[in-house]
Amino acid sequence: MAKPRIKVPKSAAKGEIVEIKTLISHKMETGIRKDRDGNIIPRQIINKFTCTLNDKMVFSADWYPAVSANPYMAFHLRASESGKLNFTWQDDNGETYSTSADFNVS
Amino acid sequence: MTRMDSSPHVTRRHVLVLTGAAAVAAGTGLLPSIAAADKAAVEAAIKKAVGDASTMSGRITLDLPQIAENGNTVPIGIEVDSPMTESDYVKSVHIFAEGNPNPEVASLHFTPANGVAKASTRMRLLRTQNVVAVAKMSDGSVYRETVEVKVTIGGCGG
Amino acid sequence: MYAKQLIALTAGAAALAGLSSSALTDGSWGKYQVGDIRSGYTFAEPETRAMQDDDFENPAMLVLDYGAELWSTKDGDANKSCEDCHGDAENSMKGVGARYPVFYGPWGKPINIELRINECRQNNMKAKPYKYESNEMLGMTAFLKYQSRDMPVTVDIGGPNKPFYIKGKEFYYERRGQLDMACKHCHEDNAGNMIRANLLSQGQSNGFPVYRLKWNKVGSLHRRFRGCNKQVRSKPFGYGSDEYVNLELYLAWRGRGLPVESPAVRN
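One numbering rule holds for all chains: residues counted from 1, following each sequence as written. To label them, take the chains in the order written and letter them from A, then take the ligands in the order written and number them from 1. Per-residue local features of the predicted model are confined to residues with pLDDT of at least 70, and side-chain atom pairs are confined, for both listing and counting, to 80 or more; whole-chain, interface and lining totals are unaffected and use all residues. Side-chain numbers here rest on the full set of heavy atoms in the structure, without hydrogens or water.

Secondary structure elements follow DSSP: runs of H or I of four or more residues count as helices, runs of E of two or more count as strands, with numbering from the N terminus. Along chain C, the regular secondary structure elements total 12 helices and 9 strands. Exposure categories follow from relative accessible area, calculated using a 1.4 Å probe and restricted to protein chains: below 20% of the type maximum is buried, above 50% is exposed, and the middle band is partly exposed. Each of the 267 residues in chain C was classed as buried or not, and the buried ones make up 54%. Two residues qualify as a contact provided that any one of their heavy atoms is within 4.5 Å of a heavy atom in the partner residue. Sequence separation of at least 24 residues holds for 66% of the intrachain contacts in chain C that already meet a minimum separation of 6. Accessible surface, chain C: about 11700 Å² in total, of which carbon and sulfur atoms supply 51%. We get accessible surface area from the Shrake-Rupley algorithm with a probe of 1.4 Å; when it comes to residues, only the shown protein chains can shield them.

Here is the structure:
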């Protein structure tokens with residue numbers, strides 16, 4: 001449905017520490033809820049989030065069913081080199097959602 | 001409570017334990033024995049995440065609401081005091097919840113590129129409970145911090 | 001009487017449980033308060049307010065983005081997008097979210113934004129109407145109302161809208177359901193008091209559609225009406241029903257002057 005939302009400063013001074021915010025649309029079905037007929041609704045969550053800069057891992061997270069629906073993840077980055085930030089979210093169903101942003105260090 | 005444990009005054013202690021239990025039951029709507037069972041699960045999960053290393057207190061700051069308006073979406077901020085250099089940084093922070101069906105919430109993996117070991121996310125809390133964060137440093141040392149969050153249940157919003 | 005006793009009892013229980021809220025403190029709420037009229041924002045916990053304060057932390061923006069995408073997507077047998085006729089929503093839709101529901105001549109009654117979107121889709125785009133509570137409808141409604149962000153709610157209750165405003169007002173004060181409670185028992189008489197563990201708000205509509213923590217998603221004002229009606233054990237009316245559109249009109253008037261906050265974040 002909706003594309004993931006990311007907030008990355010357009011540019012940063014070398015050495016500056018910036019915050020990166022991410023938000024993705026996902027129900028994060030826990031696997032413990034039951035439907036109206038009493039059947040367990042199967043678990044379907046995003047289980048892994050990663051962020052790379054120029055293909056080098058800078059931050060990642062393993063998520064469990066206790067992460068809220070429409071997961072929010074914010075972290076920081078020290079501006080050292082310009083390049084491409086790649087964000088990926090891995091779904092239990094095998095799908096991977098991704099987006100990217102340019103990061104300019106001056 | 002530790003002072004009470006060594007007290008021989010059984011009746012007074014009995015009263016305190018009872019009132020404590022009543023307070024917990026009133027706050028959570030559940031008996032405290034259930035929370036205790038989950039405490040063990042958290043200890044097991046911590047062992048799985050960071051091994052047998054003994055945990056130290058300090059260095060971790062947890063930013064959590066005292067009272068969460070709704071357990072579906074409880075914001076959590078984590079900061080670990082570290083220079084975040086190649087030789088001295090926070091490798092990972094694991095978040096656990098003592099009163100949830102499963103102890104694990106999230107594991108955050110940092111690198112020196114982060115500059116600061118500071119992150120935030122949102123989590124589900126089934127009821128009033130302790131949230132535990134465990135940080136593993138690049139030198140293998142492990143720190144631990146616990147914060148209680150009261151979760152509002154009932155009413156039209158619950 | 002029963003309703004009053006119920007609320008008094010639950011308020012007492014909550015006070016005993018030691019619950020408190022910063023929203024109970026007196027003081028100015030800035031743009032979120034106009035005289036005695038207070039937005040639901042002022043009844044929310046600080047963490048919930050923070051989630052709304054920053055658009056990048058507001059999960060409703062995911063659905064709003066989807067609405068923005070639909071705005072310029074061609075659809076229906078006419079193969080037209082909203083944008084093809086209305087151009088840039090920032091200009092053409094500015095103020096719409098602040099003045100709806102408006103009287104709609106072809107129907108001889110007021111229409112809200114959701115129903116107006118579907119009128120446009122069916123008549124002009126020759127497209128299928130959106131389901132009322134679908135992501136498409138919520139996204140488009142949120143996107144349209146967002147174009148009036150911070151503009152004061154200024155609904156017209158005169159002229160042909162007047163009889164419908166009166167009907168909405170009657171609904172507000174009418175007891176219903178097994179609990180025999182009217183909207184006013186909670187939201188007029190007891191706003192600021194606790195009902196069990198929740199703080200009752202004035203029930204203002206200026207933030208809808210809202211991301212509701214309880215729902216884990218964005219929902220419409222009529223969904224909230226239905227929830228309220230069910231909670232007093234009364235049969236809810238349909239999405240987009242005359243009863244709810246009239247109530248929406250009356251509520252907008254009750255919240256006149258409050259800023260459009262859509263999409264807000266609420267408990």
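Residue and element names in this part refer to chain C. Strand order across the open sheet formed by 3 strands is S8-S7-S9, with mixed pairing between neighbours. Only two strands of the sheet have a single neighbouring strand rather than two, namely strand S8 (217-219) and strand S9 (264-266). Here the average twist between neighbouring strands, direction ignored, is 35 degrees. Two strands pair under a simple rule: DSSP has to find at least two bridges between them. Axis lines are fitted to C-alpha atoms, over the contacting stretch for helices. Their N-to-C directions set the angle, which ranges from 0 to 180 degrees.

The working definition used for a salt bridge is a side-chain nitrogen of Lys or Arg within 4 Å of a carboxyl oxygen of Asp or Glu. One pass over the full model with this rule turns up 21 salt bridges over all chains. As a salt-bridge pair, Arg144(B) and Glu43(B) come within 2.8 Å of each other at their nearest N and O atoms. With Arg144(B) in strand S9 (residues 142-151) and Glu43(B) in helix H3 (residues 32-50), this residue pair connects regions lying 101 residues apart in the sequence. A salt bridge links Glu174(C) to Arg176(C), with the nearest nitrogen and oxygen atoms 3.0 Å apart. We classify Glu174(C) as partly exposed; its relative accessible area is 41%. The network of salt bridges with common partners includes Lys21(A), Asp54(C) and Glu57(C).

If you look at the interface, chain A gives 28 residues, while chain B gives 27 residues. Ranking the residues of chain A by area buried against chain B places Ala66(A), Tyr72(A) and His76(A) at the top, with a combined share of 25%. Taken together, the connections running from chain A to chain B amount to 0 salt bridges. By the criterion applied in these results, polar contacts are pairs of N or O atoms within 3.5 Å in which, for protein atoms, one can donate a hydrogen and the other can accept it, and in which residues neighboring in sequence qualify only through two side-chain atoms. Our count for the chain A to chain B interface comes out at 19 residue pairs in polar contact (both at pLDDT 80 or more). At the level of elements, strand S3 (17-23), strand S5 (56-63) and strand S6 (72-78) of chain A are the ones that each hand at least two residues to the side of chain A that touches chain B. All amino acids are sorted into three groups, where Ala, Val, Leu, Ile, Met, Phe, Trp, Tyr, Cys and Pro are nonpolar, Asp, Glu, Lys and Arg are charged, and the leftover types, Gly among them, are polar. For the side of chain A that touches chain B, the class distribution of residues is 19 nonpolar, 4 polar and 5 charged. With 2 bridges joining them, S6(A) and strand S7 (residues 117-123) of chain B adopt antiparallel strand pairing. By the bridge assignment, Met73(A) is partnered in S7(B) with Thr121(B). What gets called buried area is simply the loss in accessible area from a 1.4 Å probe that two parts show on being joined, summed for both.

All right, on to the interface of chain B and chain C then. Residue-level contacts link 15 residues of chain B with 21 residues of chain C. Both sides of the chain B and chain C interface together cover about 1700 Å² of buried area, and 51% of this is carbon and sulfur. At the junction of chain B with chain C, the criterion picks out 0 salt bridges. If you look at where chain B meets chain C, you find 6 residue pairs in polar contact (both at pLDDT 80 or more). Classifying every residue of the side of chain B that touches chain C gives 5 nonpolar, 8 polar and 2 charged.

This brings us to the packing of helix H7 (residues 113-123) of chain C against helix H8 (residues 135-146) of chain C. Residues and elements named next belong to chain C. Between H7 and H8, whose axes approach to 10 Å, the crossing angle comes to 110 degrees. Overall, the two elements H7 and H8 adopt an arrangement that is roughly perpendicular. Taking contact as the criterion, the partners of Ile113, Glu114, Ile117 and Asn118 in H7 are, on H8, Met137, Met140, Thr141, Leu144 and Lys145. Residues belonging to the contact of H7 with H8 are distributed by class as follows: 5 nonpolar, 2 polar and 2 charged. An angle counts as roughly parallel when it lies under 35 degrees, as roughly antiparallel when it exceeds 145, as roughly perpendicular when it falls between 65 and 115, and as oblique in every other case.

Turning our attention to the sheet that holds strand S1 (residues 5-7) of chain A. Read across the sheet, 6 strands follow the order S1(A)-S3(A)-S6(A)-S7(B)-S4(B)-S2(B) without closing on themselves; strand pairing throughout is antiparallel. Of all strands in the sheet, those with a lone pairing partner are S1 of chain A together with strand S2 (60-63) of chain B, marking the two edges. The sheet shows a mean angle of 15 degrees between the axes of neighbouring strands, direction not considered.

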